[in-house]
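Structural characterization, general
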Amino acid sequence: MATRKIHTPLTEEEVRKLKAGDTVYLSGTIYTGRDAAHQRIIAALDRGEPLPFEIRNSVIYYVGPSPAKPGQVIGSAGPTTSGRMDDLTVPLLERGLRGMIGKGTRSQKVVEAMKKHCSVYFAAIGGAGALIANAITKAEGVAYEDLGPEAVTMLEVEDFPMIVVIDCEGTNLYETERKKYAKMDGDLLE
């Protein structure tokens, strides 16, 4: 497990270097999107309409930030549960989405698509939204403003902290670590 500093746009070459368990500090442009925004993006794809941002080599952060207080760029910006987007993720991976940031597990269908299209899933620390917000230097609405905190927002980030949970080879920290600790528990019982 390594510590890496990476920048967007996130290329296939960079994604291939990332391994499950790596600590990553991301800088550059990322986009927010939750359930409702994903539904609209997929509907736009289905209708052949242009998307609100370039999907290829982009990173989506599953977050619905709280409003910014005076003098702040953004309010608390902790991750939301990623599995809620699983049914809407594969078409974005097929179009070159390289990274997703959230919390919690992903479906096998998403993991297989990540392997096929060379994408990575990062976990941000749930419950640390105020701390994460310190890494956000700019926030600008991009699309679907009527969705409030679920609108697509462009974020500029500097050393955004996260962990590679599922790499592009499908190695899944949620699975490997559970097995490791289950074995440790079994060894302790003997």
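Every value quoted in this text rests on a predicted model; they were computed, and no experiment measured them. (Residues numbered from 1 in each chain as written. Predicted model: local features only at pLDDT ≥ 70, side-chain atom pairs only at ≥ 80, totals over all residues. Heavy atoms only, no water.)

Okay, the overall build of the protein chain next. Scanning the protein chain for helices and strands turns up six helices and seven strands. The order of α-helices and β-strands along the protein chain, N terminus first, is β-α-β-α-β-α-β-α-β-α-β-β-α. Taking 16 Å as the expected radius of gyration for a compact globule of 190 residues, we find that the protein chain reaches 17 Å, a close match to that expectation. Overall, the protein chain is about 60 × 40 × 30 Å in size when its C-alpha atoms are taken along their principal axes. Entry remark: accessible area of the protein chain is about 9300 Å², with carbon and sulfur atoms responsible for 51%. The averaged location of the 26 negative side-chain charges in the protein chain is 1 Å from the averaged location of its 23 positive side-chain charges. (Helix = DSSP H or I, 4+ residues; strand = E, 2+ residues; numbered from the N terminus. Rg over C-alpha atoms; globule rule 2.2 N^0.38 Å. Areas by Shrake-Rupley, 256 points an atom, 1.4 Å probe, with all protein chains shown as cover. Lys, Arg positive; Asp, Glu negative; His and termini not counted. Charge placed at Lys NZ, Arg CZ, Asp CG, Glu CD.)

As defined by bridge partners, strand β2 (residues 23-32) adjoins strand β7 (residues 152-166) across eight bridges and the pair is classed as antiparallel. When the sheet's bridge partners are listed, L26 is paired in β7 with F160. In the sheet, strand β5 (residues 120-123) pairs with β7 via three bridges, with the strands oriented antiparallel. Residue F122 lies in a different strand from β7, and its bridge partner there is V164. (Pairing = 2+ DSSP bridges.)

This next bit is on helix α2 (residues 35-47). Taking 1.5 Å of rise per residue, the 13 residues of α2 would be expected to cover 18 Å, and the 19 Å separating its terminal C-alpha atoms lies within 8% of that figure. Within α2 the residues assigned to the buried category are D35, A36, A37, H38, I41, I42, A44 and L45. Residues of α2 that are buried in the fold lie against β3 (59-61), α3 (90-94) and β7. (Expected span 1.5 Å × (residues − 1). Buried < 20%, exposed > 50% of the residue type's maximum accessible area, 1.4 Å probe, protein only. Contact = heavy atoms within 4.5 Å.)

Glancing now at the pattern of salt bridges. Taken as a whole and judged by the stated rule, the model has 12 salt bridges. A salt bridge links D22 to R4; the shortest N-O distance between them is 3.1 Å. With D22 in the loop between α1 (12-17) and β2 and R4 in strand β1 (residues 3-7), this pair connects stretches of sequence that are 18 residues apart. Notably, a salt bridge pairs D159 with K5, separated by 3.2 Å at the nearest N-O pair. Pair noted here: D159 is in strand β7 and K5 is in strand β1, with a separation of 154 residues, a long-range link. (Salt bridge = Lys/Arg side-chain N within 4 Å of Asp/Glu carboxyl O.)

Backbone geometry follows two general trends: most residues other than glycine have a negative phi, and most peptide bonds adopt the trans configuration. Here the residue pair T8 and P9 is connected by a cis peptide bond, since its omega of 0 degrees sits within 30 degrees of zero. Relative to the helices and strands, P9 resides in the loop between β1 and α1. Backbone geometry at N57 places phi at a positive 65 degrees, although glycine is not the residue there. Mapped onto the elements, N57 comes out in the loop between α2 and β3. Owing to a relative accessible area of 21%, N57 belongs among the partly exposed residues under this scheme.

What follows is about the UniProt feature "domain: Fe-S hydro-lyase tartrate dehydratase beta-type catalytic" (unreviewed entry) in the protein chain. UniProt tags residues 6-176 as "domain: Fe-S hydro-lyase tartrate dehydratase beta-type catalytic" (unreviewed entry). Helix makes up 25% of residues 6-176 and strand makes up 27%, while its end C-alpha atoms are separated by 24 Å. (UniProt positions renumbered as here; feature names shortened; annotations may be inferred.)

Moving on, we get to the packing of aromatic side chains. Evaluated as defined, the whole model comprises two aromatic pairs. Relative to F53, the ring of Y31 has its centre 4.0 Å away and its plane inclined at 10 degrees; by these criteria the two rings are stacked. Taken together, the residues span a long stretch of sequence, with Y31 in strand β2 and F53 in the loop between α2 and β3 at a distance of 22 residues. One cation-aromatic arrangement involves R106 over Y121; the distance from NZ or CZ to the ring centre is 5.0 Å. (Phe/Tyr/Trp six-rings, centres within 6.5 Å; stacked < 30°, edge-to-face > 60°. Lys NZ or Arg CZ within 6 Å of the ring centre and 35° of its normal.)

Turning our attention to helix α4 (residues 108-117). All buried positions along α4 are accounted for by V110, V111, A113, M114 and H117. When α4 is viewed along its axis, its buried side chains cluster within an angular range of 165 degrees and face the same direction. When the buried face of α4 is taken as reference, the exposed residues oriented beyond 90 degrees from it are K109 and K116. Residues of α4 that are buried sit in contact with α3, β4 (99-102), β5 and β7. Looking one or two residues beyond α4, the residue adopting positive phi is C118, at roughly 60 degrees. (Arc of directions from axis to C-beta.)

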